[in-house]
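Analysis of the macromolecular model
So the chains spell out like this:
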Amino acid sequence: MSLKIGIVGGTGNVGRKILQVLTEQRVDIQSLRLFASKKSQGEKISFQDRDITVEQLTEEAMQEEFDYLLFSAGGEVSEHYAPIAAKSGNTVIDNSSQWRMTEGIPLVVPEINGDILKGYQGIVANPNCSTIQMVAALSPLNEVYGLTKINVATYQAVSGSGSAGMQELQEQLADPQREPRTYPKTIAGNCIPHIDVFYDNGYTKEELKMVYETQKILNKPTLPVQVTTVRVPVINGHSEAIYAEFEKAPDLQEVREIFEKTQGLVLMDKPGDLVYPTVFDAHDRDEVFVGRIRKDLFNPKGLALWVVADNLRKGAATNGVGILTHMEKLKKVR
Ligand code: 2RA
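In the nomenclature of an unreviewed UniProt entry, the protein is known as Aspartate-semialdehyde dehydrogenase of Isachenkonia alkalipeptolytica. According to the UniProt record, the Sequence similarities (unreviewed entry) comment for the protein reads "Belongs to the aspartate-semialdehyde dehydrogenase family." Recorded under Subunit (unreviewed entry), the UniProt text for the protein is reproduced unchanged: "Homodimer."

This is the structure we're talking about:
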């Protein structure tokens, strides 16, 4: 079926990546419209063999008929416009955090829980980038061994803060005296254990997103998830050092086989030959890369992993377009 698609936030990092992924995945598009704030209205964005003129986002436009509207323009825009679009019968795939934890709104990584979308119309939430790559790696192990606990530290690239973060790192690399604007401290040559705002319990919003989103996607509402998120001076690609415990003791050889046969995962785990993933392996790739797999030295049920992904692709655009293609597949298997 030829689809009517709209992208809200079409001029941002993720919006542009969505255009690329739609083309690569050969999504059959009847019409594509790009929406952004008034200041981007009239800009031309090239897509396949044409230029698309950016339109100003309005309530009226969201009430027109679309098969899918992909939102990536921040929580406030999604809060206001996504319900208007959904009420008019449109399906919204929302990349902001606005609706992720709302009851009744599916939070989806298609290969894990995509089937909850059967017969669904409305807002679908795309999880946070750092959550997606973690659950993509842990979900196949959960199926076999039963996850009982996660402890993770992230190493998150500046592209996760949009083009302002990328620009700030580049400027500070050229001039280390440059004052921070996007980040609370200088990012060049530094690691900042502070992403998004702090809550009274000492955790940041980014950390709590990883906790509660993981529990929702894996349908394990009491799973203990312990998180520290860190911004690092990397342009693109998030890395995560994950420690997980299971009901059954995982077998290392079997774990590697599970990763090898799981679609969307790439196993890079021969440390003796210097084979382990870094952000340069994951750059512009849709898969999640896993390596440095080790058993806990003291607990046979514990496992340590290093997980890397392109946060703009699997962490945002690829997962969003994956939700769209999965919904289309579900419609065909009625
Ligand atoms: C970040 N997780 O990396 C955010 C982007 N959604 O800042």
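The structure having been displayed, the exposition proceeds.
With respect to unusual backbone geometry
With glycine set apart, most residues show a phi of negative sign, and most peptide bonds adopt trans. For Asp-196, which is not glycine, the phi torsion reads 70° and is therefore positive. Secondary-structure assignment places Asp-196 in the loop between α6 (163-174) and α7 (205-217). Given 16 C-beta atoms within 10 Å, Asp-196 falls into the partly exposed group. At Leu-274, a residue that is not glycine, the phi angle is positive and equals roughly 60°. Following the sequence through the fold, Leu-274 ends up in the loop between β12 (265-267) and α9 (279-282).

Digging into the sheet that holds strand β14 (residues 302-309)
On the basis of which strands lie adjacent, the open sheet formed by six strands has the order β10-β9-β11-β14-β13-β12 and mixed pairing. Lying at the two open borders of the sheet, with one neighbouring strand each, are β10 (225-228) and β12. Averaged over all neighbouring strand pairs, the angle between strand axes comes to 25°, with direction disregarded. Bridge count for strand β9 (residues 147-155) against strand β11 (residues 238-246) is eight bridges, and the pairing is antiparallel. Note on β11: the bridge partner recorded for Val-152 is Ile-242. Here α7 sits on the sheet in contact with β9 and β10, set at roughly 150° to β10.

A word on the environment of Gly-10
Along the polypeptide, Gly-10 turns up in the loop between β1 (3-8) and α1 (13-24). Overall, the presence of 27 C-beta atoms within 10 Å leaves Gly-10 in the buried class. Through-space distance from the C-alpha of Gly-10 to that of Arg-294 is 41 Å; in sequence the pair is 284 residues apart.

A closer look at the UniProt feature "binding site: substrate" (unreviewed entry) in the protein
Here, the residues flagged by UniProt with the feature "binding site: substrate" (unreviewed entry) are Gln-156 and Arg-231. Across 76 residues in sequence, these annotated residues keep their C-alpha atoms within 4.8 Å of one another, forming a single compact spot. Along the chain, the position of Gln-156 falls in the loop between β9 and α6. Judged by the 25 C-beta atoms lying within 10 Å of it, Gln-156 is buried. Residues contacting Gln-156, with those up to four places away along its chain left out, are Ser-130, Ile-195, Thr-229, Val-230, Arg-231, Val-232 and His-238. Along the polypeptide, Arg-231 turns up in the loop between β10 and β11. Residue Arg-231 is classed as buried on the basis of its C-beta count, with 27 C-beta atoms lying within 10 Å. Not counting chain neighbours up to four residues away, the residues in contact with Arg-231 comprise Gln-156, Val-158, Tyr-183, Ile-187, Ile-192 and Ile-195.

Overview of the UniProt feature "binding site: NADP(+)" (unreviewed entry) in the protein
Listed under "binding site: NADP(+)" (unreviewed entry) in the UniProt record, and renumbered for this structure, are Thr-11, Gly-12, Asn-13, Val-14, Lys-39, Ser-40, Ser-159, Gly-160 and Asn-311. The greatest C-alpha distance among the residues just named is 26.5 Å, and with 301 residues of sequence between them they are spread in space as well. Tracing the backbone shows Ser-159 in the loop between β9 and α6. Given 24 C-beta atoms within a 10 Å radius, Ser-159 is considered buried. If we skip the residues at most four places from it in the chain, Ser-159 touches Asn-13, Gly-165, Met-166, Ile-235, Asn-236, Asn-311 and Leu-312. Those residues in contact with Asn-311, other than ones at most four positions away along the chain, are Cys-129, Ala-157, Ser-159, Gly-160, Asn-236, Gly-237, His-238 and Ala-316.

Each value, and the rule that gives it
Residues numbered from 1 in each chain as written. Predicted model: local features only at pLDDT ≥ 70, side-chain atom pairs only at ≥ 80, totals over all residues. UniProt positions renumbered as here; feature names shortened; annotations may be inferred. Helix = DSSP H or I, 4+ residues; strand = E, 2+ residues; numbered from the N terminus. Buried ≥ 20, exposed ≤ 12 C-beta atoms within 10 Å, placed from the backbone. Pairing = 2+ DSSP bridges. Axes fitted to C-alpha atoms, helices over the stretch in contact; angles between N-to-C directions. Contact = placed C-beta atoms within 7 Å.

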